[in-house]
Amino acid sequence: MSSGAPKGENCLVDMDSKAGDLFGAEDAHPTGTGGNGAAGVLAKLWLPKGLSVSVAKEWFDRRRVSIRPWASFVDQRKFSKPRSFGELCQRVVKNVEVYNSNYTFIFLGLILYCIISSPMLLIALAVFAGAFYIIHLKSLESKLVVLGKELTVPHQMSLAGAISLPVFWLAGAGAAVFWVLGATLFLIGSHAAFRQLEGTDLDELLMEPV
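Residues numbered from 1 in each chain as written. Predicted model: local features only at pLDDT ≥ 70, side-chain atom pairs only at ≥ 80, totals over all residues. Heavy atoms only, no water.

Undergrad: Tell me about the overall build of the protein, and name the residues and values.
TA: The secondary structure content of the protein amounts to 11 helices and 2 strands. Going from the N terminus to the C terminus, the protein shows its helices and strands as α-α-α-α-α-α-α-α-β-β-α-α-α. Counting the 210 residues in the protein, one finds 25% classified as buried. In the protein, 72% of the contacts between residues at least 6 apart in sequence involve partners at least 24 apart. For the protein, the accessible surface area stands at approximately 14600 Å², while carbon and sulfur atoms represent 69% of it. (Helix = DSSP H or I, 4+ residues; strand = E, 2+ residues; numbered from the N terminus. Buried < 20%, exposed > 50% of the residue type's maximum accessible area, 1.4 Å probe, protein only. Contact = heavy atoms within 4.5 Å. Areas by Shrake-Rupley, 256 points an atom, 1.4 Å probe, with all protein chains shown as cover.)

Put into structure tokens, the structure is as follows:
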């Protein structure tokens, strides 16, 4: 008779070890990010490198810290018509530099409003996310090869986009994109053109070599 644990116990041990490998954040996530709770769930989505939750959070925090006070941003007393085309160009360049974080959040807010106000667009985004998730899971189980080339993450996202394209078309995604871009250019352009430069900004412009 052979010594050791019975076959049933061996099966349980193997299943436990595989479950540990499957749900271990360090092994499941290619970027090596771990964690529990919501962070652990997001880590198991196998986000592509460079698009991890920590990177997105760090970018968001940097933008939030560099935001100029909104009260000063919309202070009507600091708006006036530029006296010349040269002054208009100076205002646009400098205000975009100074208020770039504010403008970024305006852009994100317009995108969020557009998505929330369009249920079909929410469905289209859900279809895209689901398609990409399923394709990526399949690629982890076995390499996906098309025309002799392995599908990388960008290729998988493109395939998911192609699958969900009819839904985006029905949701009017093209019109939504043009609306967001138009509204963003109008709001940011108007603010940057009519917002007066601060005294320190004028001094810097005067000191710059011509």
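Now that the structure has been shown, we can carry on.
Undergrad: Talk me through the UniProt feature "transmembrane region" (unreviewed entry) in the protein; I want residue IDs and the actual numbers.
TA: Here, UniProt's "transmembrane region" (unreviewed entry) annotation points to residues 105-135 and 167-188. End C-alpha to end C-alpha, residues 105-135 measures 32 Å, and it is 94% helix and 0% strand. Strand forms 0% of residues 167-188 and helix 91%; the C-alpha atoms that close the span are 31 Å apart. (UniProt positions renumbered as here; feature names shortened; annotations may be inferred.)

Undergrad: Please provide a residue-by-residue account of the nonpolar core, values included.
TA: Formed by 18 residues in total, the largest nonpolar core has its most connected members in Tyr103 and Leu121. Elements supplying a minimum of two residues to this core: α7 (100-116), α8 (119-141) and α10 (173-194). The residues touching Leu121, leaving out its near neighbours within four places in the chain, are Cys114, Ile115, Phe168, Ala171, Ala173 and Ala176. (Core = buried A, V, L, I, M, F, W, Y, C linked by side-chain atoms within 4.5 Å.)

Undergrad: Tell me about α8, and name the residues and values.
TA: Helix length check: α8 (23 residues) gives 33 Å between terminal C-alpha atoms against 33 Å at 1.5 Å per residue, within 8%. Listing the buried residues of α8 in full gives Leu121, Ala124, Ala131, Phe132, Ile135, His136 and Ser139. Here the buried face of α8 lies against α7, α9 (153-170) and α10. (Expected span 1.5 Å × (residues − 1).)

Undergrad: Can you tell me about the pattern of salt bridges, naming the residues and giving the values?
TA: This structure, assessed with the given rule, holds 5 salt bridges. In this structure, Arg77 and Asp75 form a salt bridge, with 3.1 Å as the shortest nitrogen-oxygen distance. Residue Arg77 is classed as exposed on the basis of its relative accessible area, which comes to 71%. For Glu97, the salt bridge is made with Lys94, and the minimal N-O distance between the two is 3.8 Å. Taken together, the residues span about one helical turn, with Glu97 and Lys94 both in helix α6 (residues 85-98) at a distance of 3 residues. (Salt bridge = Lys/Arg side-chain N within 4 Å of Asp/Glu carboxyl O.)

Undergrad: A description of a nonpolar patch on the surface should follow, citing residues and the corresponding values.
TA: On the surface, Met120, Ile123, Val127, Trp169 and Leu170 cluster together to form a nonpolar patch covering roughly 540 Å² of accessible area. Elements with a contribution of two residues or more to the nonpolar patch: α8 and α9. Checked against the element boundaries, Leu170 lands in helix α9. Residue classification places Leu170 among the exposed positions, given a relative accessible area of 60%. (Patch = residues over 30% accessible without salt bridge, like charges linked within 9 Å, V, L, I, M, F, W, Y side chains within 5 Å.)

Undergrad: So what about the environment of Ser101? Which residues, and what values?
TA: Examined against the element boundaries, Ser101 turns out to sit in helix α7. When near neighbours in sequence (up to four residues on either side) are disregarded, Ser101 contacts Arg63, Ser66 and Ile67.

Undergrad: Requested: an account of the environment of Gly130, with residues and values cited.
TA: Looking at where Gly130 falls in the secondary structure, it is placed in helix α8. C-alpha separation for the pair Gly130 and Ser164, spaced 34 residues apart in sequence, amounts to 9.5 Å.

Undergrad: So what's going on with the packing of aromatic side chains? Residues and values would help.
TA: Two measures describe an aromatic ring pair: the distance that separates the ring centres and the angle between the ring planes. In the structure shown here, the tally under the stated rule is 5 aromatic pairs. With centroids separated by 5.8 Å and ring planes inclined at 65°, the aromatic side chains of Phe73 and Tyr103 adopt a geometry described as edge-to-face. With Phe73 in helix α5 (residues 70-73) and Tyr103 in helix α7, this pair connects stretches of sequence that are 30 residues apart. For Phe73, a relative accessible area of 4% corresponds to the buried category. Relative to Trp179, the ring of Tyr113 lies with its centre 5.9 Å away and its plane at 40°, an arrangement referred to as tilted. Of this pair, Tyr113 sits in helix α7 while Trp179 sits in helix α10, placing them 66 residues apart in sequence. Taken together through their ring pairs, the aromatic side chains of Trp70, Phe73, Tyr99 and Tyr103 make up a single cluster. (Phe/Tyr/Trp six-rings, centres within 6.5 Å; stacked < 30°, edge-to-face > 60°.)

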